[in-house]
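Here's the letter readout for the chains.
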Amino acid sequence: MTTKAFVIGHPIAHSRSPLIHGTWLAEHGIDGTYEAIDVRPDALESFFERLRGGEFAGGNVTIPHKQAVFALCDSVDELARKIGAVNTLVARDGKVHGTNTDYLGFLGNLDAKAPGWSDRLDCALVLGAGGAARAVLVALQSRNIPIVLLNRTRETADRLASELGPEGFTVGTLENINASAPHAGLVVNTTSIGMHGTRFDQFDISLLRPGTLVTDIVYSPLETPLLADARARGLPTVDGLGMLLHQAVPGFAAWFGIQPVVTPDLRARIEATLDH
Ligand code: ATR
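Calculation criteria
- Residues numbered from 1 in each chain as written.
- Predicted model: local features only at pLDDT ≥ 70, side-chain atom pairs only at ≥ 80, totals over all residues.
- Heavy atoms only, no water.
- Phe/Tyr/Trp six-rings, centres within 6.5 Å; stacked < 30°, edge-to-face > 60°.
- Helix = DSSP H or I, 4+ residues; strand = E, 2+ residues; numbered from the N terminus.
- Buried < 20%, exposed > 50% of the residue type's maximum accessible area, 1.4 Å probe, protein only.
- Contact = heavy atoms within 4.5 Å.
- 1 Å grid on protein atoms, 1.4 Å probe; cavity = no way out; pocket = protein on both sides within 12 Å on 5 of 7 lines; lining within 4 Å.
- Points joined across faces, edges and corners; volume = space filled by probe spheres on them.
- Nonpolar A, V, L, I, M, F, W, Y, C, P; charged D, E, K, R; others polar.
- Core = buried A, V, L, I, M, F, W, Y, C linked by side-chain atoms within 4.5 Å.
- Near = heavy atom within 4 Å.
- Polar contact = N/O pair within 3.5 Å; in protein donor to acceptor, adjacent residues only side chain to side chain.
- Areas by Shrake-Rupley, 256 points an atom, 1.4 Å probe, with all protein chains shown as cover.

**A few points about the packing of aromatic side chains**
1) Next: Evaluation of the coordinates by the stated rule reveals eight aromatic pairs.
2) Next: Note on W24 and F252: the rings are 5.4 Å apart at their centroids and 70 degrees apart in plane angle, and the pair reads as edge-to-face. With a gap of 228 residues between them, W24 in helix α1 (residues 17-27) and F252 in helix α9 (residues 241-256) connect regions that are remote in the sequence. Both residues of the pair, W24 and F252, belong to the buried class.
3) Next: Between F106 and W117, the aromatic rings sit 6.3 Å apart at their centres with planes inclined by 85 degrees, giving edge-to-face as the arrangement. On the criterion of sequence distance, the pair formed by F106 in helix α4 (residues 102-113) and W117 in the loop between α4 and β7 (124-127) is long-range, its members being eleven residues apart.

**Structural notes on the side chain of S180**
1) Next: Within the fold, S180 resides in helix α7 (residues 177-180).
2) Next: Given the relative accessible area of 13%, S180 is considered buried.
3) Next: The contacts of S180, once residues within four sequence positions are left out, are L125, V148 and L150.

**A word on the layout of surface pockets**
1) Next: The computed volume of the largest pocket comes to approximately 1400 Å³.
2) Next: Forming the walls of the largest pocket are 39 residues, and the residues nearest its centre are T62, I63, K66, Y219 and L244.
3) Next: Residue contributions to the lining of the largest pocket peak at four residues, all from helix α5 (residues 131-142).
4) Next: Taken together, the residues of the lining of the largest pocket break down into 16 nonpolar, 18 polar and five charged.
5) Next: When its volume is computed, the second largest pocket comes out at roughly 320 Å³.

**Brief notes about the nonpolar core**
1) Next: Core analysis: the largest hydrophobic core is formed by 33 residues, its most contacted members being F106, W117, L137, L140, L149 and L186.
2) Next: Elements with a minimum of two residues in this core: α4, β7, α5, β8 (147-151), α6 (154-164), β9 (169-173) and β10 (186-189).
3) Next: Membership of the second largest hydrophobic core comes to 22 residues, among which are I12, I20, A248 and F252.

**Concerning the site of the ligand**
1) Next: Within the structure, the ligand sits among 13 residues, and A129, A132, N151, R152 and T153 are positioned closest to it.
2) Next: One of the backbone N or O atoms of G131 is found 3.2 Å from an oxygen atom in the ligand.
3) Next: T153 is positioned such that a nitrogen or oxygen atom in its side chain is 2.5 Å from an oxygen atom of the ligand.
4) Next: Surface burial for the ligand is 60%, taken as the share of its 640 Å² of free accessible area covered by protein chains.
5) Next: Residue classes in the shell around the ligand are distributed as four nonpolar, eight polar and one charged.

So this is what it looks like as structure tokens:
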């Protein structure tokens, strides 16, 4: 019997997940499908009934449903609760389990592109405290890495740190960026700065230690101004596209029973769909 999976969102046309999972299905010759389904918020509940009915093995959840599905899942794992979003559903025996694979995507990307990055890492400088920061922070916590969290709005960062920590967190505003820079072994941008060519105006990248790894979860453009500036100074950089690819791995494994690999060919296929 054909195993079916999906990504639900509204709108959903621009999701790259069908291309990612479709590539793996073809590569492994699996009798399966992965389709993008536009589900309006008022139709989410009835979609869950279809899911409990056994039509699908599971699927991904994207905007605007990542929070709404909490109430509809039969179980949700602890980390998804901490991250505050469910991005992956697994249906089994008439029940739906919700999880979040974004933090694994963040870790998988760095593990693949910068092996050993978290060994003896004394300080991660995380820029931004919005929704996207949460998976990054949970990922860093899972490796016991001390975090300096800087955000334009101090209160938002304070709230997030006290919710997720508070141990292991030092909080500040983006005005502290140059004071924090020399202490960081890793810099992660989780803000929307970097889209549309914008940069951290006040950030003096020359204050970073040689060897400090710089990464961005923005992947369009692939090389954000922050990554370009870091690379120009000879610092190692990892772009955000790998996080998107690696977050897809655990879902595929759960639905189709095979652990897929993020290959250069897969990356090239997705890269070809990005705006340049
Ligand atoms: P997401 O869910 O994608 O993380 P978000 O919750 O709106 O989106 O968060 C966006 C992040 O980018 C926030 O940390 C935001 O800072 P504030 O909390 O001060 O709003 C940050 N951000 C967005 N635009 C910014 C800008 N021009 N300068 C500095 N930070 C910015």
